[in-house]
Amino acid sequence: MPELPEVEVVRSGLAAALPGRTIAGVTVHHPRPVRRHAGGAADFATGLVGRTFTEPKRRGKFLWLPFTDGDALMAHLGMSGQFRLDGPGSPPPPQCRVEFTFTDGGPELRFADQRMFGGLWLSPGGAELPVEVAHIARDLFDPLLDTEALVTDIRRRRSGIKRVLLNQTIVSGIGNIYADESLWLARLHYETSADRLTRQRIRELLDAAREVMAGALAAGGTSFDALYVNVNGSSGYFGRSLAVYGREDQPCLRCGAPIVREAFMNRSSYLCRSCQRRPRPAVTPA
C-alpha cells in the first residue's frame, strides 16, 4: 500500500501537469474503479467534463485533485493504483481503467489499477478538505502540525507504539514499511507501549520517521515491483536503502545480527532483536 512518500511523489508529479487544465472527455474502461461515485460510471464520465483542475492536495497518504468549482476528484490508490501522464493518442498503460483528455490537447491522464482495490470518485465541496479525509490527522511534514500536542496524544496511548504509528487518526502517512524503518532507526521494539515512553523518546521516534520518509521522498518512494510507479512510469528506488523491511535473515546494518520477521496484525514486522529489545512486561502492583 503506498504510504506518504509514494503518494507525495504522485501528487507532485500531477501538480506539475494538471493545474489550469480543463477536462474534455472521460472514458471509463471498467466500472469497478469508479464504484464509489454516487452516480455510477456513466455519470462519472459525463459529470467531470468541463471542470478545471487546480493544485493537487494530500493529507498523509490520501490524495485528492481539486477543481476550480469547489468540488474535488478523490483518488484512492489502493495497492496498485497508478496515475500516468502520456502523450495524446499513445497506447494506454496495462490495466488502464479510466482515461481523461483535455481541451488543450496535451498529455492525457490515465488511471491504471491491476488489482482494482483503489478508485476515483467526485467529492462535492471537497476542494479544500474532502469530508472523506476530514478525520485523518495531519502528517509529519504538515507545517500546521502541533508536534508537542502529538507527543502528548501518543504518550497517553496504552497500545504498542507501532499500532499508534499506523493509526491515521493520530498521525497520518505512516504505513507498515516506514513504521518498521522508523522504529529500527529509533531503536524501539514495536510492542513497546506508547505510555511507557518519555516525551523525549517520542520526539526522537517522530524525528526518525521524518528522516526515513524524507529519504524515501528523495529517492522517489519505495517500489518492490511494477505496481508502484510515478506519473512518468518510473519506479522509486528507496527499496534499495531499506534497513529492515523485507530483509529477513540479512545482517542488521547497525550491529550485524540477523533481521527477523514476526507476525503483526495480519501482516509482518521486521526488526533487529539485538538493537530493538522486546519490552519487559509491566509489573502489576500486588
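Let me sum up the structure you'll find in this document. (Residues numbered from 1 in each chain as written. Predicted model: local features only at pLDDT ≥ 70, side-chain atom pairs only at ≥ 80, totals over all residues. Heavy atoms only, no water.)

## A few points about the overall build of the chain
- Broken down by element type, the chain carries six helices and ten strands.
- For 286 residues, the compact-globule estimate of 2.2 N^0.38 gives 19 Å, and the C-alpha radius of gyration of the chain, at 21 Å, lies within 12% of that figure.
- Once the C-alpha set of the chain is aligned to its principal axes, its extents read approximately 70 × 35 × 30 Å.
- Counting every position in the chain, which comprises 286 residues, the buried fraction comes to 53%.
- Here the contacts in the chain between residues at least 6 apart in sequence split such that 66% fall between residues at least 24 apart.
- For the chain, the accessible surface area stands at approximately 12,900 Å², while carbon and sulfur atoms represent 51% of it. (Helix = DSSP H or I, 4+ residues; strand = E, 2+ residues; numbered from the N terminus. Rg over C-alpha atoms; globule rule 2.2 N^0.38 Å. Buried < 20%, exposed > 50% of the residue type's maximum accessible area, 1.4 Å probe, protein only. Contact = heavy atoms within 4.5 Å. Areas by Shrake-Rupley, 256 points an atom, 1.4 Å probe, with all protein chains shown as cover.)

## Brief notes about the pattern of salt bridges
- As enumerated under the stated definition, the model contains 25 salt bridges in all.
- In this structure, D104 engages R21 in a salt bridge whose closest nitrogen and oxygen atoms are separated by 2.8 Å. Residue D104 is found in the loop between β6 (96-102) and β7 (108-113), and its partner R21 is found in the loop between α1 (4-15) and β1 (23-28); the two are separated by 83 residues along the sequence.
- Residues participating in the shared-partner salt-bridge network are E8, R11, E55, R58 and D139. (Salt bridge = Lys/Arg side-chain N within 4 Å of Asp/Glu carboxyl O.)

## Regarding the sheet that holds β1
- Pairing in this open sheet of four strands is antiparallel, and the strands run β1-β6-β7-β5 from one edge to the other. Of all the strands in the sheet, the pair left with one neighbour each is β1 and β5 (81-86). The mean angle between the axes of side-by-side strands here comes to 15°, regardless of whether they run parallel or antiparallel.
- Seen against the sheet, helix α2 (residues 40-47) touches β1 and β6 and runs at an angle of roughly 160° to β1. (Pairing = 2+ DSSP bridges. Axes fitted to C-alpha atoms, helices over the stretch in contact; angles between N-to-C directions.)

## Details of α1
- Across its twelve residues, α1 extends 16 Å between first and last C-alpha, which sits within 8% of the 16 Å expected from 1.5 Å per residue.
- Of all twelve residues making up α1, eleven are buried, and the element is well covered by its neighbours.
- Within the sequence span of α1, burial applies to L4, P5, E6, V7, E8, V9, V10, R11, G13, L14 and A15.
- Looking at the buried residues of α1, the elements they touch are β2 (57-59), β3 (62-66), β5, β7, α5 (176-186) and α6 (199-218). (Expected span 1.5 Å × (residues − 1).)

## Digging into the packing of aromatic side chains
- Going through the model one piece at a time under the given rule, you end up with six aromatic pairs.
- One aromatic cluster is present, formed by F53, F67 and F102 through successive ring pairs.
- Looking at R21, its charged tip hangs above the ring of F102, at a distance of 4.0 Å from the centre.
- Positioned over the ring face of W184 is R254, at 4.0 Å from the centre of the ring. (Phe/Tyr/Trp six-rings, centres within 6.5 Å; stacked < 30°, edge-to-face > 60°. Lys NZ or Arg CZ within 6 Å of the ring centre and 35° of its normal.)

## Description of the environment of L144
- Secondary-structure assignment places L144 in the loop between β8 (119-123) and α3 (147-155).
- Once the C-alpha coordinates of L144 and E204 are considered, the two residues, 60 residues apart in sequence, prove to be 19 Å apart.

## Looking at the pairing of strand β10 (residues 267-272)
- With five of six residues buried, β10 lies mostly within the body of the structure.
- As paired elements, strand β9 (residues 259-264) and β10 share six bridges and run antiparallel to each other. Bridge pairing in β10 places A263 opposite S268.
- Linkage of β9 to β10, two consecutive antiparallel strands, is achieved through a turn of two residues, within which M265 is found at a positive phi near 50°.

## Brief notes about the nonpolar core
- Core analysis: the largest hydrophobic core is formed by 34 residues, its most contacted members being L140, L150, I154, I161 and I174.
- Of all the elements in the fold, those that place two or more residues in this core are α3, α4 (161-166), α5, α6 and β9.
- At eight residues, α6 tops the list of elements feeding residues into this core.
- Residues in contact with I161, not counting those within four places in the same chain, are I154, L183, H189, Y190, T192, A194, L197 and L205. (Core = buried A, V, L, I, M, F, W, Y, C linked by side-chain atoms within 4.5 Å.)

## A look at the packing of α5 against α6
- Remark: α5 packs on α6, axes separated minimally by 8 Å, with the N-to-C direction vectors making an angle of 125°. Judged on the interaxial angle alone, α6 and α5 are oblique. In terms of crossing hand, the pair formed by α5 and α6 is right-handed. Contact with α5, carried on its side by Y178, E181, S182, L183, L185 and A186, involves R201, L205, A208, A209, E211, V212, M213 and A216 of α6 and no other residues of that element.
- Broken down by class, the residue content of the contact of α5 with α6 amounts to ten nonpolar, one polar and three charged. (Parallel < 35°, antiparallel > 145°, perpendicular 65-115°, else oblique. Left-handed = near helix turned anticlockwise from the far one by under 90°. Nonpolar A, V, L, I, M, F, W, Y, C, P; charged D, E, K, R; others polar.)

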